[in-house]
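# An overview of the molecular structure
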Amino acid sequence: MTDKRDDPQPADRLSAHVEAPRLEGGLYLVATPIGTARDITLRALDVLNAADVLAAEDTRVLRHLLDIHGIPLRGRRIIPYHDHNGERARPGLMAALAEGASIAYASDAGTPLVADPGYRLAREAAEAGHRVHALPGPSAPLVALSLSGLPSDRFLFLGFPPSTKGARLTWLRDWMAVDATLILFESPRRVNQTLREMCEVDANRPTVVARELTKKFEEVIRGTAAELAQDPRMATLKGEVVMLVDRPGAVVVDEDAVRRALQARLGAMTVKDAVREVAAELDMARRDVYQIALGLDEGRD
């Protein structure tokens with residue numbers, strides 16, 4: 001006899017609905033989906049439904065999102081606010097805030113102000129004494145970090161690297177020395193070039209390339225910088241790309257190399273100067289080099 005408790009039960013339908021609460025005046029920064037439309041929060045839908053004014057980095061994207069979730073405009077116009085018109089659009093939005101309006105601002109995708117022009121609007125609103133509200137939600141850097149398998153206790157979001165080769169290589173050398181997991185955006189057309197330049201800094205650095213996050217063709221590719229630079233998939237990437245780079249590994253000290261470098265200098269300079277030069281040359285802490293120098297002194301005695 002079969003226990004009915006073992007029979008699979010159909011999922012219950014959620015009784016969720018969009019509300020239209022009276023919003024107090026202020027700027028509402030609304031995080032929007034980075035791929036799957038249903039990733040938006042109920043609170044975000046409430047605010048988009050109730051706000052006096054709607055502003056968006058891309059008005060077409062926000063209009064499509066409102067249509068998907070059945071949010072009516074009710075005569076409201078969606079005001080474009082992006083990098084190219086921010087200086088012109090901001091005074092009108094600030095005037096609306098001064099009159100006590102509630103303004104919902106949505107980025108193209110993800111959390112506003114992360115690689116997004118909205119930070120100037122938020123800064124000016126805060127400086128003018130208006131309330132700024134953040135509605136948390138999707139964020140491509142955090143989604144990629146969660147999927148990457150790289151350490152997440154300390155990370156740094158870098159935005160897009162420079163587009164020119166020389167500037168990008170210098171940028172990579174500087175940031176890849178930082179003791180944190182690095183998160184950056186990159187054009188799919190430049191991922192291959194960026195990986196090759198990463199190999200000039202540290203070919204063995206664990207690296208992750210994530211594309212089309214939360215979408216149908218989501219893909220997460222892991223390996224060293226050298227392995228990914230040789231991966232044929234990098235030449236045909238499409239869609240939105242997030243790259244992640246592990247922190248530097250522990251430096252293995254070759255004590256024989258340190259001794260040779262010290263011995264080559266100790267006849268011509270003081271121990272202090274020799275230690276300073278060798279530490280800089282081998283990228284080591286001076287105290288570690290000094291301990292080895294003390295051993296050489298004891299040997300000579």
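Please refer to the structure placed before this passage.
So, here's what we can say about the structure. (Residues numbered from 1 in each chain as written. Predicted model: local features only at pLDDT ≥ 70, side-chain atom pairs only at ≥ 80, totals over all residues. Heavy atoms only, no water.)

Here we come to the layout of surface pockets. Estimates place the volume of the largest pocket at around 880 Å³. Of all elements in the fold, only helix 2 (59–68), helix 5 (140–148), strand 7 (181–186) and strand 10 (241–245) reach the threshold of two or more residues within the lining of the largest pocket. Looking at which element gives the most residues to the lining of the largest pocket, the answer is helix 2, with four residues. In terms of residue class, the lining of the largest pocket is built from 19 nonpolar, 10 polar and eight charged. (1 Å grid on protein atoms, 1.4 Å probe; cavity = no way out; pocket = protein on both sides within 12 Å on 5 of 7 lines; lining within 4 Å. Points joined across faces, edges and corners; volume = space filled by probe spheres on them. Helix = DSSP H or I, 4+ residues; strand = E, 2+ residues; numbered from the N terminus. Nonpolar A, V, L, I, M, F, W, Y, C, P; charged D, E, K, R; others polar.)

Along its 13 residues, helix 3 (residues 86–98) runs 18 Å from first to last C-alpha, staying within 8% of the 18 Å computed at 1.5 Å per residue. Among the residues of helix 3, Gly-86, Ala-89, Arg-90, Leu-93, Met-94, Ala-96 and Leu-97 are the ones counted as buried. Across the axial projection of helix 3, the buried residues extend over an arc of 155 degrees, all falling on one side. Facing away from the buried side of helix 3 by over 90 degrees, the exposed positions are Arg-88 and Ala-98. If you follow the buried residues of helix 3, they end up packed against strand 1 (26–30), strand 2 (53–56), strand 3 (78–80), strand 4 (102–106) and helix 4 (118–127). A positive phi of about 95 degrees marks Gly-100, the residue just after helix 3. (Expected span 1.5 Å × (residues − 1). Buried < 20%, exposed > 50% of the residue type's maximum accessible area, 1.4 Å probe, protein only. Arc of directions from axis to C-beta. Contact = heavy atoms within 4.5 Å.)

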